[in-house]
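Chain and residue survey
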Amino acid sequence: MSFNINSIIRPNIKSLKPYTSARDEYKGKEGVFLDANENSFGSATHTAYNRYPDPIQWEVKEKLAIIKGVKPTNILIGNGSDEPIDLLYRCFCTPGVDEVLITPPTYGMYEVSANINDIKLIKVSLTSDFQLDTNGILKAITSKTKLIFLCSPNNPTGNLLKRNDIYQILNNFNGLVVIDEAYIDFASEPSFTLELDKFPNLVVLQTFSKAWGLANLRLGIAYASEEIIDIFNKVKPPYNVNGVSQSLAIEALNNEEKKNKDVEKIITEREKLKKELLELPYVTQIYPTDANFLLVKTTNGNAVYDFLIEHKVIVRNRSNVTLCEGCIRITIGTEKENATLIEKMKIFKS
Ligand SMILES: *Cc1c(COP(=O)(O)O)cnc(C)c1O
């Protein structure tokens, strides 16, 4: 396979002359700044936020690059993962013409973003054990298929996709293979970020929202070849990540140990909760998970969900999702939260 990024970029994006912001044109930190029409007297807040933030979030990328074993130029930071997902559509898919492939049951944003961008979706369901139907996927690809979204560990099923299946897709598809690794910190296998050099058609998504505990800040990450990142940088809003989020991301990256300890605690709690849930008569199956949640099959998912809501415990009802009949998705909470969940679930009568 010979992959060429120029053959899949949208023509209008290829010829786009990007906006250059004040902070793109002059990058120095010292001086009298009269170039960006900011309020030089400060802000109407306690702390001053009057200056525009770094448009390419260089310090965040440098720290992240060291932790992840990639180059800063292989990284895009987005306003949540929603932004890199949307950028993939806008940079590589022509509305009303191109197609994208997804593998249900999976994360809902790939489909919503396709609909927003008027991109046709091809759906190839996972197998009954929630793995890729690689032959089905390779057969469903057409000359208009630009992206394949794979989610590993997958949401809402929790499992890792088999590595060899992913290699097979990477090796046999001439568009971009996007691997969403939102839950990779909880997984027992290494990230695909370490394979960027081998696969020019690979894009890996990660996020600060899960293991790093920063969902409120909206910080998503895409890792890819420098060529792909350059295209994203041309199209993204100039100051897409605010300065407060950038400095808190740096604070978190300086404290990776806290994240790792939380992950350990969450995994311990996950295994405990799994055992307790299996003792409930109406729980029929708990699926293997490499994430911070459990997909739990019950005899009546809607009833369990409604009952828990009544008792102020909120889980995600996945009963109506492909291959997930009767299932609820439970995020692993603190010890106390999980104890409350079990206490309530024990009084449910099926
Ligand atoms: C939670 C989640 C994300 C993270 O989204 P953010 O916009 O970064 O908060 C991305 N992908 C999947 C599959 C998720 O479950």
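The preceding data block contains the structure.
A few words now on the overall build of the chain. Within the chain, the secondary structure is distributed over 12 helices and 11 strands. For the chain, whose C-alpha radius of gyration is 22 Å, the value lies close to the compact-globule estimate of 20 Å for 350 residues. Dimensions along the principal axes, computed over C-alpha positions, put the chain at roughly 70 × 55 × 35 Å. Within the chain, buried positions represent 52% of all 350 residues. Counted over contacts in the chain with a minimum sequence separation of 6, partners at least 24 positions apart contribute 68%. Surface accessibility of the chain: about 17100 Å² in total, with carbon and sulfur atoms responsible for 50%. In the chain, the 41 positive side-chain charges and the 43 negative ones have mean positions that sit 2 Å from each other.

Further remarks concern the sheet that holds strand 9 (residues 293–298). Reading across the sheet, the 4 strands line up as 8-9-11-10 and stay open at both edges, with antiparallel pairing between neighbours. Single-partner strands in this sheet number two, and they are strand 8 (283–286) and strand 10 (316–317). When strand 9 meets strand 11 (residues 327–331), the two strands line up antiparallel, connected through 5 bridges. Looking at strand 11, one finds that Lys297 is bridged to Cys327.

Once that is clear, we can look at helix 12 (residues 335–346). In this model, helix 12 (12 residues) spans 17 Å end to end at C-alpha, consistent with the 16 Å of a helix rising 1.5 Å per residue. Of all the positions in helix 12, only Asn338, Leu341, Ile342, Lys344 and Met345 are classed as buried. Buried residues along helix 12 cover an arc of 165° about the axis, so they all sit on one side. The exposed residues of helix 12 that point more than 90 degrees off its buried face are Glu335, Lys336 and Lys346. Contacts from the buried residues of helix 12 go to helix 10 (256–278), helix 11 (301–310) and strand 11.

Tallying each qualifying case throughout the model produces 18 salt bridges. The partner of Glu38 in a salt bridge is Arg51, and the shortest N-O contact between them spans 2.5 Å. Of this pair, Glu38 sits in the loop between helix 2 (22–25) and helix 3 (58–68) while Arg51 sits in the loop between helix 2 and helix 3, placing them 13 residues apart in sequence. Put simply, Arg163, Glu189, Glu195 and Lys198 are held in one network by salt bridges that share partners.

Further remarks concern the pairing of strand 4 (residues 145–151). Taken residue by residue, a regular strand's side chains alternate between the two faces of the sheet. Most of strand 4 sits inside the fold, with 7 of its 7 residues counted as buried. By the bridge criterion, 5 bridges tie strand 4 to strand 5 (residues 176–180) in an arrangement that is parallel. Across the sheet, residue Ile148 finds its bridge partner in strand 5, namely Val177. Between strand 4 and its parallel partner strand 5, the chain crosses via helix 7 (residues 163–172), and the hand of that crossover is right-handed.

Now for the layout of surface pockets. Counted as a void, the largest pocket has a volume near 710 Å³. Residue lining of the largest pocket: 25 residues in total, with Lys29, Tyr52, Pro53, Asp54 and Gln246 positioned closest to the centre. Residue contributions to the lining of the largest pocket peak at 5 residues, all from helix 9 (residues 243–253). Broken down by class, the residue content of the lining of the largest pocket amounts to 12 nonpolar, 6 polar and 7 charged. Approximately 290 Å³ is the volume found for the second largest pocket. Lining of the second largest pocket is provided by 17 residues; of these, Thr106, Tyr107, Gly108, Met109 and Arg318 occupy positions nearest its centre. It is helix 5 (residues 109–116) that contributes the most residues to the lining of the second largest pocket, 3 residues altogether. Of the residues in the lining of the second largest pocket, the class split is 8 nonpolar, 4 polar and 5 charged.

This part is about the site of the ligand. Of all residues adjacent to the ligand, which total 13 residues, the nearest are Tyr183, Thr207, Ser209, Lys210 and Arg218. Interatomic distance of 2.6 Å between a side-chain N/O atom of Tyr183 and an oxygen atom of the ligand. Across the complex, the protein chains shield 93% of the 390 Å² of accessible surface that the ligand would expose by itself. Here the residues of the shell around the ligand sort into 4 nonpolar, 5 polar and 4 charged.

The subject of this paragraph is a nonpolar patch on the surface. On the surface, Tyr49, Val244 and Leu248 cluster together into a nonpolar patch covering about 260 Å² of accessible area. Among the residues examined, Leu248 registers a relative accessible area of 33% and is labelled partly exposed.

How each quantity is defined
Residues numbered from 1 in each chain as written. Predicted model: local features only at pLDDT ≥ 70, side-chain atom pairs only at ≥ 80, totals over all residues. Heavy atoms only, no water. Helix = DSSP H or I, 4+ residues; strand = E, 2+ residues; numbered from the N terminus. Rg over C-alpha atoms; globule rule 2.2 N^0.38 Å. Buried < 20%, exposed > 50% of the residue type's maximum accessible area, 1.4 Å probe, protein only. Contact = heavy atoms within 4.5 Å. Areas by Shrake-Rupley, 256 points an atom, 1.4 Å probe, with all protein chains shown as cover. Lys, Arg positive; Asp, Glu negative; His and termini not counted. Charge placed at Lys NZ, Arg CZ, Asp CG, Glu CD. Pairing = 2+ DSSP bridges. Expected span 1.5 Å × (residues − 1). Arc of directions from axis to C-beta. Salt bridge = Lys/Arg side-chain N within 4 Å of Asp/Glu carboxyl O. Right-handed = clockwise from strand over helix to strand, strands pointing away. 1 Å grid on protein atoms, 1.4 Å probe; cavity = no way out; pocket = protein on both sides within 12 Å on 5 of 7 lines; lining within 4 Å. Points joined across faces, edges and corners; volume = space filled by probe spheres on them. Nonpolar A, V, L, I, M, F, W, Y, C, P; charged D, E, K, R; others polar. Near = heavy atom within 4 Å. Polar contact = N/O pair within 3.5 Å; in protein donor to acceptor, adjacent residues only side chain to side chain. Patch = residues over 30% accessible without salt bridge, like charges linked within 9 Å, V, L, I, M, F, W, Y side chains within 5 Å.

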